[in-house]
Amino acid sequence: MTTDPDRVATARALLEHLGLTAADLTGSNRPAVPTVAEYLPAVVAAASPGTRRTYGSSWRRLAAALGDGCIDEVRASDIEALMRQAAAGARPRRNSRNGRHAGEHLIAAARAFYNRAIADGYLTVVDSPAHRVRKPRRLPNTRRALTPDELGDINAVARSGGNDIVLDALLLRLHTETACRRGGALALRLIDLDTDHALIRLSEKGGTQRWQPITPMLAARLSEHAQARGAVTPTDALLRYRNGQPATYRRYDLLWARIGRQLPWAAAQGISTHWLRHTTLTWVERHFGYGVARAYAGYTDSRGPATTTYIKADLQAVASALAALTGDPHPLAIEQQGFPRPPA
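Treat the numbers as computed from the prediction; the structure is a model and nothing was measured.

(A) Focus on unusual backbone geometry. The backbone of Ala179 sits at a positive phi, close to 60 degrees, despite the residue not being glycine. Among the structural elements, Ala179 can be located in the loop between helix H8 (165–178) and helix H9 (182–186). You can call Ala179 buried: its relative accessible area is 0%. One non-glycine residue with positive phi stands out, namely Ala198, at about 55 degrees.

(B) Here's a closer look at the packing of aromatic side chains. Counted under the stated rule, the structure contains 5 aromatic pairs. An angle of 90 degrees between the planes, with centres 5.6 Å apart, marks the rings of Tyr39 and Phe113 as edge-to-face. Of this pair, Tyr39 sits in helix H3 (residues 36–46) while Phe113 sits in helix H6 (residues 100–119); the two residues are 74 residues apart in sequence, bridging distant segments of the chain. Given the relative accessible area of 0%, Phe113 is considered buried. Aromatic side chains Tyr39 and Tyr122 sit 5.3 Å apart centroid to centroid with 80 degrees between the ring planes, which places their arrangement in the edge-to-face category. Taken together, the residues span a long stretch of sequence, with Tyr39 in helix H3 and Tyr122 in the loop between H6 and helix H7 (148–158) at a distance of 83 residues. An identical accessibility class is assigned to Tyr39 and Tyr122; each is buried.

(C) Region of the structure containing the confidence of the model for the chain. Residues with a pLDDT of 70 or more make up 84% of the chain, whose mean pLDDT is 86. Counting interchain partners and residues more than four positions distant, the pLDDT-below-50 stretch residues 337–344 has 0 contacts.

(D) Looking closely at the pattern of salt bridges. In this structure the tally under the stated criterion is 14 salt bridges. The shortest N-O distance in the salt bridge between Glu204 and Arg181 comes to 3.2 Å. Taken together, the positions of Glu204 in the loop between strand E2 (199–203) and strand E3 (209–213) and Arg181 in the loop between H8 and H9 put the pair 23 residues apart, joining distant regions of the chain. Of the two residues, Glu204 and Arg181, both sit in the buried class. One network of salt bridges, with partners in common, ties together Asp168, Arg251 and Arg258.

(E) Region of interest: the nonpolar core. Counting residues in each nonpolar core, the largest one holds 29 residues, and the members touching the most others are Trp59, Ile71, Ile79, Phe113 and Tyr114. Contributing elements (two or more residues each) for this core: H3, helix H4 (49–66), helix H5 (76–88) and H6. Examining the composition of this core, we find that 8 residues originate from one element, H6, more than from any other. Once you skip the residues sitting within four places of it in the chain, Trp59 turns out to touch Leu40, Val43, Val44, Ala47, Thr51, Arg52, Ala109, Ala112 and Phe113. By size, the runner-up hydrophobic cluster in this structure holds 22 residues, among which are Leu188, Leu193, Ala219 and Leu222.

(F) How the structure looks around the sheet that holds strand E1 (residues 193–194). One open sheet accounts for 3 strands, arranged E1-E2-E3; its pairing is antiparallel. Each end of this open sheet is capped by a strand with a single partner; those strands are E1 and E3. Lying on the sheet, helix H15 (residues 315–326) is in contact with E2 and E3; it crosses E3 at an angle near 40 degrees.

Cut-offs applied
- Residues numbered from 1 in each chain as written.
- Predicted model: local features only at pLDDT ≥ 70, side-chain atom pairs only at ≥ 80, totals over all residues.
- Heavy atoms only, no water.
- Helix = DSSP H or I, 4+ residues; strand = E, 2+ residues; numbered from the N terminus.
- Buried < 20%, exposed > 50% of the residue type's maximum accessible area, 1.4 Å probe, protein only.
- Phe/Tyr/Trp six-rings, centres within 6.5 Å; stacked < 30°, edge-to-face > 60°.
- pLDDT = per-residue confidence, 0-100.
- Contact = heavy atoms within 4.5 Å.
- Salt bridge = Lys/Arg side-chain N within 4 Å of Asp/Glu carboxyl O.
- Core = buried A, V, L, I, M, F, W, Y, C linked by side-chain atoms within 4.5 Å.
- Pairing = 2+ DSSP bridges.
- Axes fitted to C-alpha atoms, helices over the stretch in contact; angles between N-to-C directions.

As structure tokens, then:
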């Protein structure tokens, strides 16, 4: 196909008028594209500690399999093949579903990797191979609220053995009262405990922070536990092993493995710490409504119908729900009164 000289001249005149060159249109002024292995340290450095912990293993898998190729040379089929391998090689866990979570997790990690590459100008979202692979469809959640008898059995087992009954009992009580996540519990520091007002400051997903009511009894036990195990400075971890080291996620694994050995139904259903969150929030929602349950859970997103803008609860309402849940008074709790009638 021959080029029309008149069209070429017109195009050049237009580019000159716009202050552009042909190189600007071809994208040749983009930064040199690194390989996957070369770019991974930049992705890791820009990620938050929680993101590194969540996606670190998948990022390493990505670099091991595709590290020598440039990030813009990776194909969607390469990412999908890695997803299949992750699903097939997933270790059996109490809550595993034939590797679906592992496959979904790898796609999420690859998208996080390529989101950074897009932000740095190496490619566009249309060029991202990770965004062209569909995540495995998430199956309905089998988690449910535990019955009082089930919760009682779990606590009884936790207090009946193990090499650190005090820490195990505190963990279960803390998660039952606050419905916090594991990361929030492990991030607690001495400065995050307010024994005067029976509050803890939780730092959880997305960098959110909130003050959460706890019973005065639990506040006292947490303070005693931290001081007895060497917490001195305000930034020292609140939950600690007997040797004084901060507690880790490993403690939860050991705790639920021990509970599962003595309660076969707990092992069969994959009961975990998150079931305690589900149990508490279900109770709060049933007795105090959606707004209080949402505040109790620490949700801050604005997704959902516009009416959720007006469904809010304050710290006193959360404290009132806690007092009703535990049967222990809380200094911030208020008596529940009926809603006033709207004006005629």
